[in-house]
Amino acid sequence: MKVLANDGISKSGIKALEKGGFEVITTKVAQEQVANYINANDVSVLLVRSATKVRQDIIDNCPGLKIIGRGGVGMDNIDVDYARANGKHVINTPASSSESVAELVFAHLFNGVRFLHDSNRNMPLEGDSNFEGLKKAYANGIELRGKTLGIIGFGRIGQAVAKIALGLGMRVIAADKFLGKAEIKVDFYNGQFINVEIITEPMEDLFRHSDFITLHVPAQENGYVIDTAELNAMKDNVGIINASRGGIINEVALIEALDSGKVLFAGLDVFEEEPTPAVQVLMHPKISLTPHIGAATLEAQDRIGTELADQIISLLKVEI
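What comes next is a walk through the structure.

Okay, the overall build of the chain next. In terms of helices and strands, the chain carries 13 helices and 13 strands. For the chain, the C-alpha radius of gyration of 22 Å lies close to 20 Å, the compact-globule estimate for 320 residues. For the chain, the spread of C-alpha atoms along the three principal axes comes to 65 × 45 × 40 Å. The buried share of the chain, reckoned over its 320 residues, is 46%. Of the accessible surface of the chain, which amounts to about 15900 Å², a share of 52% is contributed by carbon and sulfur atoms. Once the 31 positive and 41 negative side-chain charges of the chain are each reduced to a mean point, those two points are 5 Å apart.

Here it is, written out as structure tokens:
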């Protein structure tokens, strides 16, 4: 059987699939040609990440397709219910990239509180001519220790973020529509650990109490999670991180809040207009930017590849 990994797959995933008797194709097929390629090459399994969309047209036109796999957590680029209703298995890897995304959240937080994103833009331009001026401009950094981090969405990734925050000495609060509380185990290098129970609270309370806010929720069908009203409800000088999904923050309202000083900084790994983010967002001096790389660590990609391979082999062996 053939597997088309249209958005790539790790070498460990390829090895596991080949060991299981599968042929793995890593050719990047254009979105409009995916269905034709699947049929012409008798592909049984389609693996995607965030780039390739698997909508009803592909599902309808590919009767030989048995499995659709998403390397990562969210599956908003796949018509999951429709695929399953048409006899396709739909799988993902919800636990594989949690730590990678959580670490990127803190990369953006450290960037923001110490102005690293802006300093790295200006040091090459002015470091030799305006060193003292830049030193003064970036001299008002903030420590994370002792500050309150509000986590919107307290699933696997949100809880991984909480572990790092607790290890840094931050206070953690969380809001989640479906989860009332969670026990966070913070592990240390020498085998010691602590357990911290966090009880979720209403979003309105989180906005009032958080020094920094990070979002870990699915894509929204209607409206934004954070819009003008929510920004106004937050503390002054709040920092906001989104390494979740584009379109859950109103970027126009965010820029207005950054310009007014209501929001101190933002860190964005995802964007409303991805993959062509708005120029106003890309050029803003108070926004730390990455190109949707939350799960893009070598370790996470290895875990994703091998977990997908294990699921595919298990499912198709059962069918056979």
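Considering the arrangement of structural elements, one finds Val29 in the loop between strand E2 (23–25) and helix H2 (34–40). Judged by relative accessible area, Val29 falls into the buried class, the value being 7%.

Mapped onto the elements, Thr290 comes out in the loop between strand E13 (287–289) and helix H13 (298–319). Relative accessible area serves as the criterion here: at 15%, Thr290 is assigned to the buried category. Among the polar contacts made by the side chain of Thr290, one reaches the side chain of His108 at a distance of 2.9 Å.

A word on unusual backbone geometry. Following Glu274, the chain continues to Pro275 via a peptide bond in cis, the omega torsion being 10°. Tracing the backbone through its elements, the reader meets Pro275 in the loop between strand E12 (263–268) and helix H12 (279–282). Phi angles above zero are rare outside glycine, and Asp42 is one such case at about 55°. Residue placement: Asp42 occurs in the loop between H2 and strand E3 (43–48). With a phi angle near 65°, Asn237 is a residue other than glycine that sits in the positive phi range. Examined against the element boundaries, Asn237 turns out to sit in the loop between helix H10 (228–233) and strand E11 (238–242).

Right, let's talk about the side chain of Lys88 for a bit. Examined against the element boundaries, Lys88 turns out to sit in the loop between helix H4 (80–85) and strand E5 (89–92). In this structure Lys88 is buried but unpaired, with Asp60 as the nearest side chain of opposite charge at 8.2 Å. A polar atom in the side chain of Lys88 sits 3.5 Å from the backbone oxygen of Pro63. Of the polar contacts made by the side chain of Lys88, one reaches the backbone oxygen of Leu65; its length is 2.9 Å. Residues contacting Lys88, with those up to four places away along its chain left out, are Ile59, Cys62, Pro63, Leu65, Lys66, Ile68 and Ala83.

What counts and how
- Residues numbered from 1 in each chain as written.
- Predicted model: local features only at pLDDT ≥ 70, side-chain atom pairs only at ≥ 80, totals over all residues.
- Heavy atoms only, no water.
- Helix = DSSP H or I, 4+ residues; strand = E, 2+ residues; numbered from the N terminus.
- Rg over C-alpha atoms; globule rule 2.2 N^0.38 Å.
- Buried < 20%, exposed > 50% of the residue type's maximum accessible area, 1.4 Å probe, protein only.
- Areas by Shrake-Rupley, 256 points an atom, 1.4 Å probe, with all protein chains shown as cover.
- Lys, Arg positive; Asp, Glu negative; His and termini not counted.
- Charge placed at Lys NZ, Arg CZ, Asp CG, Glu CD.
- Polar contact = N/O pair within 3.5 Å; in protein donor to acceptor, adjacent residues only side chain to side chain.
- Salt bridge = Lys/Arg side-chain N within 4 Å of Asp/Glu carboxyl O.
- Contact = heavy atoms within 4.5 Å.

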